[in-house]
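The primary structure of each chain is shown beneath.
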Amino acid sequence: MTIWEMLAVFAAGISAGTINTIVGSGTLITFPVLLATGLPPVTATVSNALGLIPGSISGAIGYRAELAGQSRRVLRFAVAALIGGLTGATLLLSLPSTAFETIVPVLVTLALILVILQPRISRAVQRRREHNGGPTRTDGGPLLFTGLMLASVYGGYFTAAQGIIYLSLMGMLLDDTMQRLNAVKNVLAAVVNSIAALFFFFVADFDWTAVVLIAVGSALGGQIGAKVGRRLSPTVLRTLIVMVGTVAIVQLLLR
């Protein structure tokens with residue numbers, strides 16, 4: 001890489017770490033930059049996954065206050081993320097690149113619709129529970145576990161917009177604030193990135209320069225994102241998710 005390419009990758013890492021912590025989809029920034037430096041698509045994907053680990057961990061640490069009291073929930077969801085992330089990483093190296101790219105825009109679109117409708121859906125679910133006298137679910141049950149695992153399969157494969165899918169699923173099936181769910185989302189992203197990167201480390205090619213630049217940049221961005229994201233109201237956060245997701249869909253369709 002030239003010095004200018006290195007600076008571009010570093011800046012992309014900061015941006016990705018920031019946006020991943022607040023919403024998700026930071027890969028849509030780093031991935032095109034890595035391709036522009038001449039890296040092959042799979043090498044760029046693997047290098048990106050390795051580099052984003054510090055950013056995911058940094059963002060989760062930044063949201064540690066919102067994680068209070070969620071240890072059992074996080075551990076349960078982390079199992080789903082672990083299984084899904086490893087499966088997705090395996091698929092990346094065994095399936096043609098077009099296999100998942102066909103359905104990715106559909107998944108992101110569905111996630112955005114769920115985010116928009118989440119307050120209405122949550123109120124309807126709550127009314128039904130109260131009418132039936134059923135308990136409030138704190139873990140989302142098997143449906144949420146399965147949904148998060150499938151989202152993690154996608155995350156282990158490409159990572160872009162997985163955070164939006166996580167938030168839409170949890171927002172629909174859990175009775176909690178967007179900020180607390182965002183904190184859980186950051187932990188799940190860290191789990192998926194870490195397990196996928198560990199798998200890639202032993203079986204795939206990657207570029208150490210790109211990895212280091214994105215790692216340092218995303219770690220800084222994770223702290224920036226936590227400071228900004230924790231101050232956003234649920235409405236603003238939901239609006240930002242929809243805006244970023246829309247950009248993600250457009251970019252994925254134009255690839």
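The present account deals with the structure reproduced in this document. Predicted model, so just to flag it, every value in this text is computed and none were measured.

### A short note on the packing of helix α1 (residues 3-22) against helix α11 (residues 208-229)
- Orientation of α1 relative to α11, taken along the N-to-C sense of each, is 35 degrees, at an axis distance of 6 Å. Taken as a pair, α1 and α11 cross one another with a handedness that is right-handed.
- Partitioning the contact of α1 with α11 into residue classes produces 13 nonpolar, eleven polar and no charged.

### So, the environment of T2
- Considering the arrangement of structural elements, one finds T2 in the segment before α1.
- Linking T2 and T37, residues 35 residues apart in sequence, is a C-alpha distance of 8.7 Å.

### Let's talk about the packing of aromatic side chains
- Under the definition given, this model contains five aromatic pairs.
- When the ring of F201 is compared with that of W208, the centres are 6.2 Å apart and the planes differ by 75 degrees; the resulting orientation is edge-to-face.
- Feature note: the residues F201, F202, F206 and W208 constitute an aromatic cluster, connected by ring pairs.

### Some words on the nonpolar core
- Of all hydrophobic cores here, the largest spans 52 residues; its most connected members are F77, L144, L148, M170 and F200.
- Per-element accounting of this core gives the leading share, ten residues, to helix α10 (residues 178-203).
- Contact partners of L144, with chain neighbours within four places excluded, come to F77, D139, L169, M170, L173 and L174.

### Some words on the pattern of salt bridges
- A complete count under the given rule lists two salt bridges for this structure.
- Of the charged contacts, one joins D176 and R73 as a salt bridge, the two residues approaching to 2.9 Å between their closest N and O atoms. Of the two residues, D176 sits in the loop between α9 (162-173) and α10 while R73 sits in helix α5 (residues 71-94), which places them 103 residues apart along the sequence.
- With a closest N to O distance of 2.8 Å, R180 and D176 form a salt bridge.
- On the basis of relative accessible area, D176 is assigned to the partly exposed category, the value being 24%.
- Via salt bridges that share partners, R73, D176 and R180 belong to a single interconnected network.

Conventions we followed
Residues numbered from 1 in each chain as written. Predicted model: local features only at pLDDT ≥ 70, side-chain atom pairs only at ≥ 80, totals over all residues. Heavy atoms only, no water. Axes fitted to C-alpha atoms, helices over the stretch in contact; angles between N-to-C directions. Helix = DSSP H or I, 4+ residues; strand = E, 2+ residues; numbered from the N terminus. Left-handed = near helix turned anticlockwise from the far one by under 90°. Nonpolar A, V, L, I, M, F, W, Y, C, P; charged D, E, K, R; others polar. Phe/Tyr/Trp six-rings, centres within 6.5 Å; stacked < 30°, edge-to-face > 60°. Core = buried A, V, L, I, M, F, W, Y, C linked by side-chain atoms within 4.5 Å. Buried < 20%, exposed > 50% of the residue type's maximum accessible area, 1.4 Å probe, protein only. Contact = heavy atoms within 4.5 Å. Salt bridge = Lys/Arg side-chain N within 4 Å of Asp/Glu carboxyl O.

So yeah, pure geometry; function would need other evidence.
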